[in-house]
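What follows is the residue order along each chain.
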Amino acid sequence: MIKVVGLVLHPRRDCGSAISAIVRWATARDVTVLGLHDEINRIDCDAVAVSAEEMVERAGLLVSLGGDGTMLRTMRLVEGRKTPVLGVNVGRLGFLAEVDLPDLPGALSSIDEHRFTIESRTAVRTVLPGGDEVSAFNDIALVRVPGHGLAHVGINVEGSNFVRYAADAVIVATPTGSTAYSFSAGGPIVSPNVEGLLVGAAAAHSSFNRSLMLSPDEQLELDVRPTSGRLAVEVDGIIHGYAEAGDKLAIVPVPAAAQVIRFGRTSFYERARRKLRVEGSAQVGGGELADATVVDSFEQSRYEVLLGGELAGVLHYRRHDGEVELAHTEIDQAFQGQGLAGRLASAALADARGRATPVVVTCPFVAGYLKRHPEYDDLLAKGVTRA
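Residues numbered from 1 in each chain as written. Predicted model: local features only at pLDDT ≥ 70, side-chain atom pairs only at ≥ 80, totals over all residues. Heavy atoms only, no water.

A.B. asks: Summarise the sheet that holds strand S13 (residues 197–202); cite the residues concerned and give the values.
C.D. replies: Think of a sheet as strands paired side by side through backbone hydrogen bonds, with each pair either parallel or antiparallel. Overall, antiparallel pairing links the six strands, which are arranged S14-S13-S12-S9-S16-S17 in an open sheet. At either margin of the open sheet sits one strand with a lone partner, and together these are strand S14 (212–214) and strand S17 (238–243). Adjacent strand axes in the sheet meet at a mean angle of 20 degrees, parallel and antiparallel pairs treated alike. Pairing of strand S16 (residues 231–235) with S17 involves five bridges; the strand directions are antiparallel. Residue pairing across strands places Val 235 opposite Ile 238, the latter belonging to S17. (Pairing = 2+ DSSP bridges. Helix = DSSP H or I, 4+ residues; strand = E, 2+ residues; numbered from the N terminus. Axes fitted to C-alpha atoms, helices over the stretch in contact; angles between N-to-C directions.)

The structure is reproduced here in C-alpha cells:
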C-alpha cells in the first residue's frame, strides 16, 4: 500500500482541484502527501513542503500534474529508481500522462491496490563540454545558435564515422522522444517498448538527411567538426550548455531509467493518433459529452474543454475591476456539433458564481446561451442587461 505520495506541479497551470482530490483521497487512507517547496508554497493546500531530495527518498509514488514537460521533469527526478510515476493531464493531451482529472481518485485507488502495469522508459545521458552530466527522456540536441554557422556534426558509431550532418540541429532521441523534436524533423514514430536511439538532423543541408536507429549497445559519439558554428546543447528542450568546434559528446542510453504507470485504457498509438491528428483517424473528435472536462487555464486567461484528454475548445476571458468578461468561444472543427461550447459557457458561469464574481458578456455565443438559460441572469454585472 502507498504510504507517501509526492507531487510535481506544472509551473503555471491551476492544479488546485487536482491537489484537493489527492489530499482528500490521502486523508481517508492516512497517506502523507509531499510537494516541492517552491511549488506547494504558492498554493493553499495541506501537502507537506519538502526538498526534491527528501521527496524522492520518501515517496512511494510520484504524481505529475501538468503535461508532458512536467512528466519529463518528474521522470528526471526519479531517474534510476523504481518509484512509479503517474501522469495526470492538466491541460492539453500529452503522450506521457495517463489520466484526466475526473479519473484521478479512482486511479490512485487502483495503484494502491496494485491494479496497474509499468511501462519502462529509456533515458539518454551525456557529459557536457564543461563537465556537467545531463540526462534526457526525450532528446539531446545540438542546435545552431542564431548568428553562427550551421551544425556540422559527425556521427561516430562504434568508434568509426558513419556520416557528417550539416543541419540546423542534430538530434539524439529516445523512443519516448520520437514524437517530439525528432518527429518535427521528419523522424519516425517509435513505440516506447522499443529499445534504441534515434539520430537525425533538422533542416539538413547535407546530401544525406535520413535518420539512424541504433541499438542501445552500440557506442555513439557526436563530433563537432571544425567547420561548425557554436551550438546550443538542448536537453529535453532546455539549453544546458554550448559546444564548440572540436568538442565530442559521448551519448549513453540508460534503459528502464523511469517507470510510468499505465492502466491500459488507451494505447500509445491511440494517444499518438489524437495528438498528432493522424489523417483518417476515426478517433479524432471522438468521445462522449459526459466525458468532457473543463479546466481554467488561468495563465492563458481561458477555459479549456478537454474531450478524451484532447483540447477541443476554449472560452477566452478577461478579469478586471473585480469582474470577469467572457469574450470569445471557439470549438475545434473536429469537435463541433457536440455541445461543447455550451459546456464551456455553463462551466465559466458556474465558476463565476462560485467566486461571487460579476460577469460581463461580449461573446456572442455566451450571450445566446444566457438567453436560453435565464437562471444565470443574477451573475450579470450591475448595469448590464441580458442581450
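A.B. asks: Kindly report on the pattern of salt bridges, identifying the contributing residues and their values.
C.D. replies: As enumerated under the stated definition, the model contains 19 salt bridges in all. For Arg 319, the salt bridge identified is with Asp 351, shortest N-O distance 3.7 Å. Taken together, the positions of Arg 319 in strand S21 (residues 310–320) and Asp 351 in helix H8 (residues 340–355) put the pair 32 residues apart, joining distant regions of the chain. (Salt bridge = Lys/Arg side-chain N within 4 Å of Asp/Glu carboxyl O.)

A.B. asks: Could you give an account of the sheet that holds strand S20 (residues 302–307), naming the residues involved and the relevant values?
C.D. replies: Reading across the sheet, the five strands line up as S19-S20-S21-S22-S23 and stay open at both edges, with mixed pairing between neighbours. The open sheet has two free edges, formed respectively by strand S19 (293–297) and strand S23 (359–361), since each of these has just one partner strand. Taken pair by pair, the neighbouring strands of this sheet meet at an average axis angle of 30 degrees, ignoring direction. Relative to S20, S19 is paired through five bridges, and the arrangement is antiparallel. Bridge assignment links Val 294 to a residue of S20, and that residue is Val 305.

A.B. asks: Account for the packing of aromatic side chains, with residues named and values stated.
C.D. replies: For any two aromatic rings, the description comes down to two numbers: the centre-to-centre distance and the angle of the planes. One pass over the full model with this rule turns up seven aromatic pairs. Both rings, one in Tyr 165 and one in Phe 208, keep their centres 6.2 Å apart while their planes meet at 35 degrees; by these two values the pair is tilted. Within this pair, whereas Tyr 165 is found in strand S11 (residues 160–167), its partner Phe 208 is found in the loop between S13 and S14, the two being separated by 43 residues in sequence. The class of Tyr 165 is buried, set by a relative accessible area of 1%. Here the aromatic rings of Tyr 303 and Tyr 317 are separated by 4.9 Å at their centres, their planes lie at 50 degrees, and the arrangement is tilted. Of this pair, Tyr 303 sits in strand S20 while Tyr 317 is found in strand S21, placing the two residues 14 residues apart along the sequence. (Phe/Tyr/Trp six-rings, centres within 6.5 Å; stacked < 30°, edge-to-face > 60°. Buried < 20%, exposed > 50% of the residue type's maximum accessible area, 1.4 Å probe, protein only.)

A.B. asks: Help me get a handle on a negative patch on the surface, residues and values and all.
C.D. replies: Residues Glu 158, Glu 195, Asp 217 and Glu 218 make up a contiguous surface patch of negative charge. Among the structural elements, Glu 195 can be located in the loop between helix H6 (181–184) and S13. Residue Glu 195 is classed as exposed on the basis of its relative accessible area, which comes to 56%. (Patch = residues over 30% accessible without salt bridge, like charges linked within 9 Å, V, L, I, M, F, W, Y side chains within 5 Å. Areas by Shrake-Rupley, 256 points an atom, 1.4 Å probe, with all protein chains shown as cover. Lys, Arg positive; Asp, Glu negative; His and termini not counted. Charge placed at Lys NZ, Arg CZ, Asp CG, Glu CD.)

A.B. asks: I'd like a rundown of unusual backbone geometry, residues and numbers included.
C.D. replies: One non-glycine residue, Glu 158, lies in positive phi territory at about 55 degrees. Mapped onto the secondary structure, Glu 158 falls in the loop between strand S10 (151–157) and S11. Positive phi is not limited to glycine here, since Ala 256 has a value of about 50 degrees. Following the sequence through the fold, Ala 256 ends up in strand S18 (residues 248–262).

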